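Here is how the chains run, residue by residue.
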Amino acid sequence: MASTAAGKQRIPKVAKVKNKAPAEVQITAEQLLREAKERELELLPPPPQQKITDVEELNDYKLRKRKTFEDNIRKNRTVISNWIKYAQWEESLKEIQRARSIYERALDVDYRNVTLWLKYAEMEMKNRQVNHARNIWDRAITTLPRVNQFWYKYTYMEEMLGNVAGSRQVFERWMEWQPEEQAWHSYINFELRYKELQFFAQALLGSGLVWSLPLWLLGRQGCRAVVQAGWFFNPAPLVIVHPDVKNWIKYARFEEKHSYFAHARKVYERAVEFFGEEHMDEHLYVAFAKFEENQKEFERVRVIYKYALDRIPKQDAQNLFKNYTIFEKKFGDRRGIEDIIVSKRRFQYEEEVKANPHNYDAWFDYLRLVESDADAETVREVYERAIANVPPIQEKRHWKRYIYLWINYALYEELEAKAKRTRQVYQACIELLPHKKFTFAKMWLLYAQFEIRQKNLPLARRALGTSIGKCPKNKLFKGYIELELQLREFDRCRKLYEKFLEFAPENCTSWIKFAELETILGDIDRARAIYELAIGQPRLDMPEVLWKSYIDFEIEQEEYEKTRNLYRRLLQRTQHVKVWISFAQFELSAGREQRLQRCRQVYEEANKAMRSCEEKEERVMLLESWRGFEEEFGTDASKERIDKLMPEKIKKRRKLQAEDGSDAGWEEYYDYIFPEDTANQPNLKLLAMAKLWKKQQQESEAAAMDPDKDIDESQT
């Protein structure tokens, strides 16, 4: 319990302020500042300074201080600050030898301490001990050659002393260690300050800022052998350290600045060769192009830009493209500017198709662009890339856009290239399609039409025959039949129609077209037999169209009895009002004798048949057609008779129900009451009399409640 209680941290209680009234004496901000200032004055005074009056006191003081420093050093030899303080104290007493001895002892303890070397050398330089300082710097750069600060201090000291050759020698020693890039720039700036261009070239080239990596692998002796062989344009020893683009550009600009334009161009060319196509950088080509632009070599500039744009990835060449656009706007013609715009659009399309290879709309736009501007090989390459992106799912809706890539490819090859390649494109597409699941009749028909244009009819027929054998479709049959019709091969058309109707016997259009073909050929009996076979089919997609065509055929042949028989046969299958009206109109126009009587008889039969029809609107339509006939051809008696048959239009209400069975309100609708139905149903007549009686009752009640109104009405 005790340990548990000790482990818990007790929270101090906050004192409660009982009296919250303001104090009588308030403390101001000025008073707080004054108290703080007064407390600053309460600091302890420093110890009194000791005044030394003779040599003995001085020696005694030195002995005590040295003993203190030595004791501190003995306590911890690794604390370099104690050594530095000790040496600086000896230096303040002008005891240079003792200070040197202390620094040497410290270096024996930790020779890797950079501060120690710096303080040691600064002491020698401060006391004008140049040779000692050189000795210390030499020891420092030999011991720690990777500490750049030593080299900077050493070269700066030699330069301040006017020893340019010595400073250059130090730089040369430094460069042998292949330091970081800033060190090379310091060497270059040093040579430029003294306008030693020969040494500058040696610093830039000989140091290896910009030459090829294989030479660097050779080593210094190997580079010297290469230079002695005279393989390069500058006879300086070459050592590679920092082969960066910016260093190539700096060297080329140096040559350009001093009017060595041929050398500058060679530097750029060598840089392009060095980096090759694997490590291309847009900054190098931009700098190269601007150099050539300054030299008025505009064709070279254009070649450089196009070379770079064709090989550098588009996402890494934004600055290059921008500079190329500016150049063409300044010095190019309309064609050059259009080329730039095309290149930009081509880059956009490339990005789109890379992001989604199955975006066929992007492929279409890309192909339209390259077809308008590129050569045939480039267009063919883009087409091959596009058709390689086959839809991953074998469903026709995914292939509808893809198939147009093949179609456009084949049309392009036919219009721009040779027929042999076009045939290969069509055949490759047909082999690619999964005909067991679906096919594209358009592709087969285009292939056949292409072979016909090439005057190769057997191949066209073979292609269409293969398509019907592999994947029969209505469109394929229609296209094949149309082809044979154009060639006037009617026997082939008959065979194709027979195959077509075996494949799709419910297709009314095919039956009609087949019969029309026989009619055109003058074989009426075959046409009639085809119609009879057609209407005898158990399933038809548009039977009304087929019957109408058959009836029109018989009317054209003026076979009125057969037409009447067709109408009777049709009415046995359907009692549609339009069939009755069409039958009546046929009778009206069929013959001159008894045509009105026959037409009226058809209307009467239709009216009797339509009484049991639930669709009252159709019955009304029939009566209106009958009334129109009577108004034109009938007598007054017949007109009066048809007027009596016309129904009465009344408004009714019916209750609506929702899907769940609940009440959804009431709706109004119009209904028709036919006089013939009223006579047969006495309840309707009784209901009408009841409504009339109720109306009379309401009028009598209203008159009884307002007798003055009746008096006024009688007076008026």
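Nothing here was measured: the structure is a model prediction, and the numbers come from that model. (Residues numbered from 1 in each chain as written. Predicted model: local features only at pLDDT ≥ 70, side-chain atom pairs only at ≥ 80, totals over all residues. Heavy atoms only, no water.)

1. Here we look at the overall build of the chain
For the chain, the count of helices and strands is 38 helices and 2 strands. Counting the 716 residues in the chain, one finds 37% classified as buried. For the chain, restricting intrachain contacts to residue pairs at least 6 apart in sequence, the fraction spanning at least 24 positions comes to 49%. Summed over its atoms, the accessible surface of the chain is roughly 45500 Å², and 51% of this surface lies on carbon and sulfur atoms. (Helix = DSSP H or I, 4+ residues; strand = E, 2+ residues; numbered from the N terminus. Buried < 20%, exposed > 50% of the residue type's maximum accessible area, 1.4 Å probe, protein only. Contact = heavy atoms within 4.5 Å. Areas by Shrake-Rupley, 256 points an atom, 1.4 Å probe, with all protein chains shown as cover.)

2. Let's talk about the packing of aromatic side chains
Tallying each qualifying case throughout the model produces 21 aromatic pairs. Connected via pairs of aromatic rings, a cluster forms that spans Trp151, Tyr152, Phe171, Trp174, Tyr187, Phe190 and Tyr194. (Phe/Tyr/Trp six-rings, centres within 6.5 Å; stacked < 30°, edge-to-face > 60°.)

3. Thoughts on the pattern of salt bridges
Considering all chains together, one arrives at 25 salt bridges under this definition. The residue Asp60 makes a salt bridge to Arg64 at a minimum N-O spacing of 3.4 Å. Of this pair, Asp60 and Arg64 both sit in helix H3 (residues 55-75), 4 residues apart, roughly one helical turn. We classify Asp60 as partly exposed; its relative accessible area is 39%. Across the pair Arg401 and Asp361 runs a salt bridge whose closest N-O atoms are separated by 2.5 Å. A residue pair is termed long-range when its members are at least 10 positions apart, and Arg401 in the loop between helix H21 (396-399) and helix H22 (403-416) and Asp361 in helix H19 (residues 360-373) qualify at 40 residues. By relative accessible area, which is 41% here, Asp361 ends up partly exposed. Shared partners join several salt bridges into a network, and the residues in it are Arg265, Glu269, Glu292 and Arg300. (Salt bridge = Lys/Arg side-chain N within 4 Å of Asp/Glu carboxyl O.)

4. Brief notes about the side chain of Asn148
When you line up the elements, Asn148 lands in helix H8 (residues 148-160). Given a relative accessible area of 19%, Asn148 falls into the buried group. At 3.3 Å, the side chain of Asn148 forms a polar contact with the side chain of Glu180. Ignoring sequence-local partners within four residues, the contact set of Asn148 consists of Trp174, Pro179 and Glu180. (Polar contact = N/O pair within 3.5 Å; in protein donor to acceptor, adjacent residues only side chain to side chain.)

5. Details of the packing of helix H20 (residues 376-387) against H22
At a minimum axis separation of 10 Å, H20 and H22 run at an interaxial angle of 160°. Judged by the angle between their axes, H20 and H22 are roughly antiparallel. For the crossing formed where H20 meets H22, the hand is left-handed. Where H20 approaches H22, its residues Ala376, Val379, Arg380, Tyr383, Glu384, Ala386 and Ile387 are matched on the opposing element by Leu405, Trp406, Asn408, Tyr409, Tyr412 and Glu413. Partitioning the contact of H20 with H22 into residue classes produces 9 nonpolar, 1 polar and 3 charged. (Axes fitted to C-alpha atoms, helices over the stretch in contact; angles between N-to-C directions. Parallel < 35°, antiparallel > 145°, perpendicular 65-115°, else oblique. Left-handed = near helix turned anticlockwise from the far one by under 90°. Nonpolar A, V, L, I, M, F, W, Y, C, P; charged D, E, K, R; others polar.)

6. Focus: the nonpolar core
Counting residues in each nonpolar core, the largest one holds 94 residues, and the members touching the most others are Trp363, Leu405, Trp406, Met443 and Leu546. In this structure Leu546 touches Cys508, Trp511, Ile512, Tyr531, Ala534, Ile535 and Leu540, once residues within four positions along its chain are discounted. Leu118, Met123, Met157 and Tyr187 belong to the second-largest nonpolar core, a separate cluster that totals 39 residues. (Core = buried A, V, L, I, M, F, W, Y, C linked by side-chain atoms within 4.5 Å.)

7. Examining unusual backbone geometry
In terms of backbone geometry, most residues other than glycine have negative phi values and most peptide bonds are trans. Residue Lys94 is not a glycine yet carries a positive backbone phi of 65°. With respect to the helices and strands, the residue Lys94 is situated in the loop between helix H4 (80-92) and helix H5 (96-109). The phi dihedral of Arg128 is positive, around 60°, even though this residue is not glycine. Position of Arg128 relative to the elements: it lies in the loop between helix H6 (114-126) and helix H7 (130-143).

8. Side note on the environment of Ile188
One can find Ile188 in helix H10 (residues 181-193). When the C-alpha atoms of Ile188 and Phe171 are compared, they prove to be 9.8 Å apart, with 17 residues separating the residues in sequence.

9. As for H10
Given a rise of 1.5 Å per residue, 13 residues ought to cover 18 Å, and the 19 Å separating the end C-alpha atoms of H10 matches this to within 8%. Taken as a whole, H10 has its buried residues at Glu181, Ala183, Trp184, His185, Ser186, Tyr187, Ile188, Phe190 and Glu191. Lys195, located one to two residues past H10, shows a positive phi value of around 55°. (Expected span 1.5 Å × (residues − 1).)

10. Some details on the packing of H7 against H8
Packing of H7 against H8 leaves a shortest axis separation of 10 Å and a crossing angle of 150°. Here H7 is positioned roughly antiparallel relative to H8, judged by the angle of their axes. Considering only the axes of H7 and H8, their crossing is left-handed. Within the contact between the two elements, H7 uses Ala133, Arg134, Trp137, Asp138, Ala140 and Ile141 and H8 uses Phe150, Trp151, Lys153, Tyr154, Met157 and Glu158. Looking at the contact of H7 with H8 residue by residue, the class counts come to 8 nonpolar, no polar and 4 charged.

11. Describing the confidence of the model for the chain
On average, the chain scores 75 in pLDDT, and the residues at 70 or more come to 80%. Across residues 206-239, confidence stays below pLDDT 50; counting only partners more than four residues off in sequence or on other chains, it has 75 contacts. Every residue in residues 709-716 scores below 50 in pLDDT, and together they form 1 contact with partners more than four places removed in sequence or on other chains. (pLDDT = per-residue confidence, 0-100.)

12. So, H6
Compared with an ideal rise of 1.5 Å per residue, which puts 13 residues at 18 Å, H6 spans 18 Å between its outermost C-alpha atoms and is within 8% of the ideal. Looking only at H6, the buried set comprises Leu116, Trp117, Leu118, Tyr120, Ala121, Met123 and Glu124. On its buried side, H6 packs onto H4, H5, H7 and H8. Among the residues of H6, the N-terminal cap falls to Asn113, whose side-chain oxygen and the backbone nitrogen of Thr115 are separated by 3.1 Å. At the exit of H6 stands Arg128, carrying a positive phi of roughly 60°.

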